[in-house]
Amino acid sequence: TWTAANIADALVEQVRTQIGDGLAICGLSGGVDSAVAAALVQRAIGDRLTCVFVDHGLLRAGEREQVQQDFVAATGARLVTVDAEETFLRELSGVSDPEAKRKIIGREFIRSFEGAITDVLGDRAAHGDKVDFLVQGTLYPDVVESGGGSGTANIKSHHNVGGLPEDLEFSLVEPLRLLFKDEVRAVGRELGLPEEIVARQPFPGPGLAIRIVGEVTGERLALLRKADLIAREELTTAGLDNQIWQCPVVLLADVRSVGVQGDGRTYGHPIVLRPVSSEDAMTADWTRIPYEVLEIISTRITNEVPEVNRVVLDVTSKPPGTIEWE
Ligand code: XMP
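Residues numbered from 1 in each chain as written. Predicted model: local features only at pLDDT ≥ 70, side-chain atom pairs only at ≥ 80, totals over all residues.

Undergrad: Help me understand helix α3 (residues 63–75) in this model?
TA: Residues spaced three or four apart along an α-helix point in a common direction, a consequence of the helix completing one turn every 3.6 residues. Taking 1.5 Å per residue as the helical rise, α3 with its 13 residues ought to reach 18 Å, and the 17 Å between its terminal C-alpha atoms agrees with that figure. Here the buried face of α3 lies against β1 (23–28), α2 (32–45), β2 (49–55) and α9 (195–198). Just past α3, the residue G76 takes up positive phi, approximately 70°. (Helix = DSSP H or I, 4+ residues; strand = E, 2+ residues; numbered from the N terminus. Expected span 1.5 Å × (residues − 1). Contact = placed C-beta atoms within 7 Å.)

Following this line, the structure appears as structure tokens:
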């Protein structure tokens with residue numbers, strides 16, 4: 001019978017069989033999927049797993065701390081943080097195309113892992129051990145949308161499925177490959193992960209880079225981070241987290257419009273709120289947020305983020321619109 005406990009046990013067993021007495025490395029993105037995948041593998045092979053958290057500088061406010069504190073406290077996993085912000089921003093500079101951004105980010109992720117292996121597992125490697133396995137939190141919808149499961153067309157190359165180099169030295173361990181999000185959460189709870197991690201709304205691996213329509217820069221990231229935090233705070237305060245699957249906050253960096261702020265004319269950027277309700281991200285409906293909550297978010301963002309002079313609401317379902325803007 002399908003219970004979270006049975007599934008967790010079966011997946012742990014599968015992972016143990018696949019990895020044998022090898023070593024594994026797992027990239028934590030800050031999201032539920034990679035955390036649950038890592039917790040499963042941790043249970044299966046203990047400290048033969050090393051978790052690597054690449055801080056690519058594309059994270060939301062507070063996410064680095066959440067991984068370093070909450071995740072480690074819950075699992076006891078070995079965690080290494082790589083500071084890669086400078087590299088990612090350099091590689092992304094001048095790039096506006098969404099798929100090009102994903103490819104660069106996917107590639108740099110792998111490079112960062114390889115760097116981490118050399119640095120962190122150096123002494124193990126010196127003993128002849130090799131890190132053979134790369135753990136990823138790929139879910140069923142990722143597999144289907146990338147054309148990996150059913151031969152459907154490639155809609156977006158999710159960096160955790162596509163974009164991996166051909167000469168990848170690792171075998172992939174993808175214990176969540178057949179699961180949907182709610183099942184992953186159930187398994188995570190079963191493994192003792194705290195609610196802050198398990199109930200976290202999905203956030204894409206490429207992070208805020210695909211929520212800046214246009215080129216990604218440090219300044220743009222900083223302002224999007226402020227707007228995103230305001231939206232998250234107010235949605236939580238309003239008690240809406242349970243109705244919302246996720247709420248991308250998007251910066252239209254190449255769009256400017258005229259506004260009037262303080263005593264003068266401004267020529268600023270719009271922020272898009274994209275709250276959606278969904279079961280599995282394959283389809284989604286736009287969430288009917290109460291007007292009063294939208295008003296607070298809009299007022300706060302335009303007051304607290306001076307570069308933004310307009311807040312707009314995305315009222316498109318999926319299909320035709322995808323959840324993310326890129
Ligand atoms: P879309 O925009 O395709 O998003 O409707 C469906 C779900 O996938 C997330 N998403 C990604 N996750 N790497 C990820 O790990 C990606 O490149 C990526 N693109 C979209 C998105 O946040 C939503 O939950």
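Undergrad: Quick question: what am I supposed to make of the environment of T81 here?
TA: In this structure, T81 sits in strand β3 (residues 78–83). Separated by 209 residues in sequence, T81 and P290 place their C-alpha atoms 39 Å apart. If near-sequence neighbours (up to four positions away) are discounted, T81 is found in contact with F53, D55 and Q68.

Undergrad: What's the story with the nonpolar core in this structure? I'm lost.
TA: Proteins that are soluble and globular tend to have nonpolar side chains buried together. Of all hydrophobic cores here, the largest spans 79 residues; its most connected members are A24, C26, V36, A38, L40, V41 and A227. Among the elements that line this core, the one with the most residues is α2, at ten residues. Discounting chain neighbours no more than four positions away, the residues touching A38 are C26, L28, L49, C51, A77 and V135. (Core = buried A, V, L, I, M, F, W, Y, C linked by C-beta atoms within 7 Å. Buried ≥ 20, exposed ≤ 12 C-beta atoms within 10 Å, placed from the backbone.)

Undergrad: Just checking my understanding: could you explain helix α8 (residues 181–190) for this structure?
TA: Residues of α8 that are buried include every one of K181, V184, R185, A186, V187 and G188, and no others. On the buried face of α8, the contacting elements are α1 (4–19), α2 and α9. G192 sits one or two residues past α8 and shows a positive phi near 85°.

Structural measurements only, silent on function.
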